[in-house]
Amino acid sequence: TKVKVVEYVITTVEGMEAVKATAQTAGGIYELGANLDYTGVTPAGSFGNAILDGCGYAINNVTISASNGGGFFGNSSGATTIKNLSFVNAVMNGGNHGLIYDITSDATTFDNVFVHVANDTATGHHGVVARILNTNAGVIMNNCVVYYENRSSSLSSGAGALFGWGQNNSSL
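This text gives an overview of the structure that appears in the document. (Residues numbered from 1 in each chain as written. Predicted model: local features only at pLDDT ≥ 70, side-chain atom pairs only at ≥ 80, totals over all residues. Heavy atoms only, no water.)

Quick notes on the overall build of the protein
Argument step 1. Scanning the protein from terminus to terminus reveals one helix and 14 strands.
Argument step 2. Counting all 172 residues of the protein, 45% fall into the buried class.
Argument step 3. Considering only contacts in the protein between residues 6 or more positions apart, those separated by 24 or more positions represent 76%. (Helix = DSSP H or I, 4+ residues; strand = E, 2+ residues; numbered from the N terminus. Buried < 20%, exposed > 50% of the residue type's maximum accessible area, 1.4 Å probe, protein only. Contact = heavy atoms within 4.5 Å.)

Quick look at the structure:
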């Protein structure tokens, strides 16, 4: 019998931001216990070396506006899994960024993730994952959907729906 030990059930935006402030170094298993509305909140922090199970909930109305890098999950290092989660009505403005800005080591896995980008006027490297920076890093996507509602016609060469840019030998 497999036993899953959940470190923390996230039910508020403040709870999510607190988890992102510590998960990169602490690791662990986290679950959403409610939909989160990021209207008027600037996401900060990173998420890596951990598992986030959205349990079918959504993160709504998140705006990523960074002139030189940033993202909802910031940087991801260490084995990371994000699953059973939706991002609804996301907006991307500014420079290099994505829901995950940089994947710097090991693999990041997305399972059953839906992303609805309401507006994308970003420039530079961007997508759901903005950049894969290490030849040992990679991305695994299973049953994921990205839907762009409004996308700028003047996007840079580093723009992609899923990935903005990958270093030589990085793997998808």
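A look at a nonpolar patch on the surface
Argument step 1. On the surface, a cluster of nonpolar side chains totalling about 260 Å² of accessible area is made up of Phe114, Val145 and Tyr147.
Argument step 2. Inspection of the secondary structure assignment puts Phe114 in strand 10 (residues 107-120).
Argument step 3. We classify Phe114 as partly exposed; its relative accessible area is 31%. (Patch = residues over 30% accessible without salt bridge, like charges linked within 9 Å, V, L, I, M, F, W, Y side chains within 5 Å. Areas by Shrake-Rupley, 256 points an atom, 1.4 Å probe, with all protein chains shown as cover. Salt bridge = Lys/Arg side-chain N within 4 Å of Asp/Glu carboxyl O.)

Examining the side chain of Thr81
Argument step 1. Relative to the helices and strands, Thr81 is located in strand 8 (residues 80-94).
Argument step 2. Judged by relative accessible area, Thr81 falls into the buried class, the value being 18%.
Argument step 3. Apart from the residues lying within four places of it in its own chain, the contact partners of Thr81 are Phe47, Ala50, Ile51, Leu52, Thr109 and Asp111.

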